[in-house]
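# Tertiary structure, described
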Amino acid sequence: MAVTETLRALGSWGVTFKKGMPESTWKELEYFGHIAVHVGRRPSSLDDSLLRSARYVGPIDTISDHSGVRSIGGVGMAMWLGDADGKGDVFSDPLVLNSDFATAVTAALPPSGAVTAGTITNTGDNFTGTFQFQNSREIIDYICQTVGEAGWRVNGDATLDAGPESALWRTTPRCLVVHKSVGRAIAGFDDMWLQALAGNAETDRDVKDYTTGVLLLGQGINGQFVAAEAETPEIEIPFKDLHGNPVRRTRIVQESETSTDNAPARAQLQLNRFKSTRDALSLDTSNYDVKGTVQVGDYLWAYDPIMGLMDNANEQQFRGQRINPFKLRLTETTWPITRRMSVFYRNMIGEWFDLSRYVVPESGETTLVVGGYNRSLSEGGSGSFPVSPPPDTSVPDKVDWVEPFQLSVYQSPATGVARSEAILKWIEPTNVGGSSILDGSHYEIRYRRATIPDYPVTMDMINNLGLTNDQLTLTGATYAHMIFLGETEWQTAIAPFDTTVFRLQELTPSMPYEAQIRAVDLANPSNRGEWSDLALFTTTRDNIPPATPAPPFIASNPLFVQMTHMLGVSSGGDFNLDRDLHHLELHGGVEPLFTPTDDTLLGKALANYGSMIGQIPVVQTFSQANTGYVYYKVIAVDEAGNKSLPSQAVVQQVGLIDDQYISNLTASKITAGTMDASVIVGGRIATMQDFDFPGVELNAAGISGWTTTGFRALHWDSTTGKLHVNGDGGIEIKDGALLVRNAAGNVIIELGECFDGRHGLQVYKDDGTRVLRAGELASSGGDGIEVLNDGGQLVRISALAFGMQAQTLTGIAATNLNTYNGNTPTCTVEIGNTGRAMVSFSCWILPGVDGGGFIRAASASFQASGPGGASIAAADAQALSADGGNQGIGRSYLCTGLTPGTWTFSMAYKAQGTGWSNSQFYNRHIAVQPF
Amino acid sequence: MPTPTILLGRMRVREDLTVAEQADADGGRTLTLTGQESIPRLTAAAVARQREDILTLPGSFVPVSFQVKNYLDGFYEVDSASGTVEDWDDDLVVFRWSASLLRAGTEADTDIESRLSGSLTRVNDFTITGERTHAPAITHGGYWSDATVTSAVQRVGEDGTLKLYRGIGSTVNPRWSTTAAGYATGRVRFTDELGLERSGDGAWLQPTGWTLSNGLVRVQPLLSGGVLAIAAYTGGAWHVKNWDVLGSSTTFGVFDRCQLLHNQYEAVTVRMMKMLTTGRVYLDITLRRGHRFVEIYLQSEFSQTLKVVLASAEGGTAGSGMVVRTTLDADNNKYLIGSARSFTADAVNGGISKSSATALDAFVGVVAGSSPVTGDAAADLQKQYVGMPNELVQGVRR
C-alpha cells in the first residue's frame, strides 16, 4: 500500500512489515502514534525534527495481522482537524466569527490543541459566519473557500499553515505534464525553466459535473432558509441541446453553515467550481520522489492539444515548441514507499523507533492527478445537517370578515382627545384548496379612511360642521348625493395567527373607514393570501362630555360683567380641563340654583388645549345691565359639542365703574387737575384760546410761537421741515444751510451748503456784499480762505502753509574751512502750494586769525532740503558775514519756488581761508515762516 | 542484382525476402519487418547511426515504400523496434533489426491529417495578429481546410516548389493526400557531420558539421566568424550570411553540445548547448517545412544581454518587430530578423538584442527580390512567424 496525499482531504497510507519483525517492536505500535517516511537512510538524529523534515507524516488508525502478515495504516495529518466522517473536536457551541482571515482560522483550530497555529497569513479579507456541530477541518476549509484562493495544510508537526495559495504552494508552475500523444519531444525532458514529468499521462475530461447555475440553500437564523443563485450568462455557455438552446444544468447545493451574507459568494464559488469541463491529467511516473519537484497543492502546466487541454491565454516555450498549456493544480499524488526510503515510528510519549529494516519495500509508479477533483467533495453540500428546501407551497385562502364590528369611543391616554376604536372579527381561513393552515404566521390588516361614506351626509351633520351650501358644493357634493372624501394611504396592522379578533384604535370619531385582511404563512418567501373583501364601517361620534369646570371669577359693573377662568375642573387644579375643550359658556341667573339655558347664556369664551398648554386664563367681558345680585355658572363645551355639567354658582353685585372698565371716553370738558396721559391726540393744542395769537401752538402745520404782540417769531413748518426764526433779523435753517439774516432780510452769514453751491462759510455785509468765503472757494473745489475788501481787492489763501519753526543754540560752532559746513541749528516746516518761506537767521561771529596774525572774515548762511531731493545750498548770496572783527548780525531771506512738502532748514558756516585758526559762531538762531 | 531496399521513413534499409503480416478482427494490420544493415553497403559509422535511428522509430508515423513488395507501400505507425548489433571493430559490423508496424492505410484510402495547435497569435509586443499557415509535402493534392484557406504562396526550393497555404482557420486540422514516397518531398532534414540524414531524436550528435535544411533555408554551425551560417535558396542557388549569437557582447562561439529535440518531416528542432563557467545557454533552432525563415530561441540561465546579429555588418531598417536590410544585397535579397517580444534593434549591423534577459526569440530569413510575391513580403513573414502552429501528423481514413 502506498501513500496517497490529497488536497483538502485526509489521504491515506499503509505499511506492510516483513515476517521476522521483533515482537517487542510490533508491540510498540499504537493507535494514534505517528509514522514518518523519510527519503534516504536514517538521519543522524532521531527526534521530533523528523516531523518537519520527513516526506510524509501520518497517524496510525489501523493495525492488522492477517495470517502473520502484519501491517499498519492511517490517514494524513489533516485527521487531527477532523476525519472523513466529520469526527473530530466538534464545536458544539456556536462559533461566531467576524474577523480577518488569520484570526478566524486561528479561532477555528481544535479547542483541544490537537493542531496549533503554524504560519497563518492574512488574505486581506474579512470573514463573517457562524458554525456549530462542525469540526475544525470543515470550518477552516469553508473559510478558505469562501474568502477565495486561500488554502490550508497540516504540517507533520501538527501545526496548521493557512493563507493565500501563493503563500503555501507554488503558483507559478515549474512543472509540465503532457499527454504521451504529444510526443517524446516534450514528455520526460527538462528545459531551462520547466520540468516535464516522464511517464504515461492520461487525459480525463468530462462534463459530468458541468453546471450552468447554482442554487445554494443555506440555513439562516431562526430556522429561516437562505437561498442564493449564481448563473452563467447564456452567451458563455458553449453547449447546446438538440433544439439549439443553451444547455441548462442547475446544481442545488445545500450548506447549512452558510449565512445570508456569505450565500451569494458561496453560490458563485460553487458555480466557479463546476462551470467548466472537468479537465484532469493523471500521470504514472517512475520517479518515486516527485515531491522535490512538485507537491500537492502546487500549480503546474498540463498540455494535451489533441484532447483540447490547452489554454491560449498561457504561452510557454518548451524544447523548441511554443505551447499553450492549461494551468492546473496537483490535487493528488500516490507514491510507493520504496527501499530507498526510511520509515520511523513515534509513539505517543515522543519516543522514536526505526522501522525501516522491517518494512516491505514497494515498487510501482508514482501517480499524479492534476486538475481533477474528488467527486465526493463535489456532490454539493456541507455543514452539520442537511438543508431542506421550503416544503410549503400552499397559499392561505381569502379571509372572511364577521360584521358588523363593535365600535366605541374613548379618550386617548396619549393625547387626551376623543378617539374611536373598532373591534374587527374574522373567520380563520384554510389554504387554497381547503387544507388547514399549519404554518400560519400572522394576519396582515390594512385600513384607511373610506372614500365613500357608508351613509349620506345629513343636514344635521352639515349644520354641525358649520359649512355653507357653497362650501359643500366645492367638495363635489350636491343636495341629492353623498359627499365623497379624499383618498388616504393604507395603514397596516399585524395580528397574530392564533386570534380572530383585533382591536383597531386611534381612529377618528365620526369617520367612515374601510379595512381588508389577509393571512400570511411561514414559507420562505412567505405565501400571502388574497386580500379579503372591503369592510366598511363608520366610527362612533364623540359623546363624552367634558368634566365639570370650576366656578369662574367675576367682576361686574352696571354695564358689563368680566369672567376670569383658570380652566380647572371642579375637583381642583388649574388648566386641567379636557384636552378637546372648545369653549366656555357663562350663564347668569338671579338665584343660585338656576338651570343654565339659552336664556341665561351671557356669552361664550374661546378656550382650548392651547390655552391650557400656555396656561393662559380665559378673560372675557360680557354685557350685563343688571345692577342687583347675579349668580354666575360656567359650562365647558368640547369640540364635538358635548357640554359638561354647570359649575357651582358665584354671586356678584354691581358697583362703580372702575378705571379698568373704561375702554373709550368722549367728554366735552375734562376738569381734572392733572392729566398724565402718555398720548394726547388732538387737531390743535395751544396755550392761548385766541386763534390769531395762540401763544404756542401745535397743529398739523407744525409748531409756532407768537410774541405777545402777535408776531410769529418761531415757526417749524411740518410741510417743508424748515425752522423759521423771524423778527428783527433771524435765523433760518434750510436744506443743508444755516442762514442768518439781518433786519432787512439780507443774509449776513451762510454756513453749510451756501446759496452759490459752495460748502463752507460765507459772510456778507448788511447790503449783501460778500466779504469772506472760507471752505470751498470754487464749486469744483479749491479749498481756502478769501477776503474781499471794499475796494474789490481779494486776498486768497488757496493752499495753506503750516507752522513757523525756530531753534536757537547758544553753544559754539567753529570751522577753519573756507567752504560751508555744519548743520545746526535746524527746524522743519511744511511748505504750502505757494512754495514760499521767509528764513530769518542770526549769530555772533568771531572770525579766525590767519598765519600772519590777522583777523580774517567768516560767514554764516543757511541750507535746506526738501521732498524728492529738492534742496537749497548754503551760499554767500544768502549769508551773514563778519570781516575783520567780531560781530552779531542777522538777516531774513525769502525763499521761493520751493516744492510743497516737508523742508528742513539749518545754518552752515565757513572761514575765509582754510587752515587758519577757527572762526567761531555763537548764539545762533534760525526761524522759518512758510506763507 | 543489387539488394532491394525499403524506404522506412527517411531511412533506406535492406528489404528482406519475407515480411510477416497479421490482421485482427478490427481491421488492423500489423507488419513485421526484418532486415540487416552491414558493411559494405554502409560504412561502419553509418550502420551504427542507422541503428540509433531505427531504435527511435517506435511511436513514429512513417511512410514505407518497398522496392520489391510495393503492394505493401503505405503509411504506418511504428509500434516497436528491436535489433542486434554485431561489431568486429570495423571489419565486420552487422545490425540485425526488426520492427513491428501498424498500418494506418494506403495512399488510396488515407489522408494525412496535420493537427495544428497553439494560439493563432503568439504573445507579442507589437500588436501583430498572426496568420495560420501550413505547407504540406511538395507532392500532395486535395488539400482540405474546411474551406478556410484564403490564398497560397509557392516557393521554389532546392527540392522543388513548395506550397504554403495561408489563412487557415484556427480550429482547422487540414488534411491532404500524398503517396508514401511523396510524403518525404520537401521535408525538413537534419544531416549530421557524415552527411547522413538522421531520422530519430535520440542520437548522439556532433556539435559541428551538421546541416539543417528545408530546401528554402539552410542552417549550419560555424567554427569561427559567427555561430550560424544561415543560407536562403533564392534564384536557384544558396546565398549564405553568417550570424553571430552573443551574450553580454561576447560571442558564444562554438557550442559544446547538440541534440535533436524534434525530428519530423514537417519540422526539426536542434538544441545547441553552450557550457559557461557558471551556468549554461540553450540555442534552439527550428525549421519548418515550406517556411522561409528559421526560428531561434535563445535561453540563458543567468540574465544578460542576448543578441543575434550579422557577423558582417549590413545596414538595415528597423521596423515594428523586425529589422530588414535597407537595400537589396548582391544576391538580390534582403535579410530579415525579428522577434515577437520587444528588443533593441541594431540597424547598423543588422541584428536585434535584448538586455537583462534570460530568453530571446527570433526569426531569421530573407525577403526574396525587390518585389516579393504576396506571402513573401517582410510583413507576411512576420505574421507567419507570430502565427506559427505546432504540427502533429497522423494518417486518417478518408
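This section reports on the structure supplied with the text. (Residues numbered from 1 in each chain as written. Chains lettered and ligands numbered in written order. Predicted model: local features only at pLDDT ≥ 70, side-chain atom pairs only at ≥ 80, totals over all residues. Heavy atoms only, no water.)

## Re the environment of Arg322 of chain A
- Its place among the elements puts Arg322 of chain A in strand β20 (residues 321-323).
- A relative accessible area of 4% places Arg322 of chain A in the buried class.
- Not counting residues within four places of it along the chain, the set of residues in contact with Arg322 of chain A comprises Glu315, Gln316 and Gln317 of chain A together with Ser119, Thr121, Arg122, Val386, Gly387, Met388, Pro389 and Asn390 of chain B.
- At 3.1 Å, the side chain of Arg322 of chain A and the side chain of Ser119 of chain B are in polar contact.
- Among the polar contacts made by the side chain of Arg322 of chain A, one reaches the main-chain carbonyl oxygen of Met388 of chain B at a distance of 2.5 Å. (Helix = DSSP H or I, 4+ residues; strand = E, 2+ residues; numbered from the N terminus. Buried < 20%, exposed > 50% of the residue type's maximum accessible area, 1.4 Å probe, protein only. Contact = heavy atoms within 4.5 Å. Polar contact = N/O pair within 3.5 Å; in protein donor to acceptor, adjacent residues only side chain to side chain.)

## Considering the nonpolar core
- Counting 55 residues, the largest nonpolar core has Phe190, Trp210, Leu212, Val219, Val270, Leu283 and Ile285 of chain B as its most contacted members.
- Leu50, Leu97, Ala102 and Val147 of chain A belong to the second largest nonpolar core, which has 38 residues in total. (Core = buried A, V, L, I, M, F, W, Y, C linked by side-chain atoms within 4.5 Å.)

## Focus on the pairing of strand β60 (residues 901-911) of chain A
Residue and element names in this part refer to chain A.
- Extensive coverage of β60 is indicated by the burial of nine of its 11 residues.
- In this structure, strand β54 (residues 826-831) lies alongside β60, joined through six bridges in antiparallel fashion. Residue pairing in the sheet places Glu830 in a bridge with Thr902 of β60.
- Note: strand β56 (residues 857-865) against β60, eight bridges, orientation antiparallel. (Pairing = 2+ DSSP bridges.)

## Description of the pattern of salt bridges
Residue and element names in this part refer to chain B.
- Tallied over the entire structure, the rule returns 54 salt bridges over all chains.
- Between Glu314 and Arg325 there is a salt bridge, and its shortest N-O distance comes to 2.6 Å. Of this pair, Glu314 sits in the loop between β23 (293-310) and β24 (316-319) while Arg325 sits in strand β25 (residues 322-325), and the two are 11 residues apart along the sequence. Accessibility classification places Glu314 together with Arg325 in one group, the buried group.
- Bridged by salt links that share partners, the residues Arg49, Asp53, Asp192, Glu193 and Arg198 form one connected network. (Salt bridge = Lys/Arg side-chain N within 4 Å of Asp/Glu carboxyl O.)

## Structural notes on the side chain of Glu131 of chain B
Residue and element names in this part refer to chain B.
- If you trace the backbone, Glu131 turns up in the loop between β8 (110-117) and β9 (141-144).
- Among the polar contacts made by the side chain of Glu131, one reaches the side chain of Arg166 at a distance of 3.0 Å.
- The residues touching Glu131, leaving out its near neighbours within four places in the chain, are Arg166, Gly167, Asp380, Lys383, Gln384 and Gly387.

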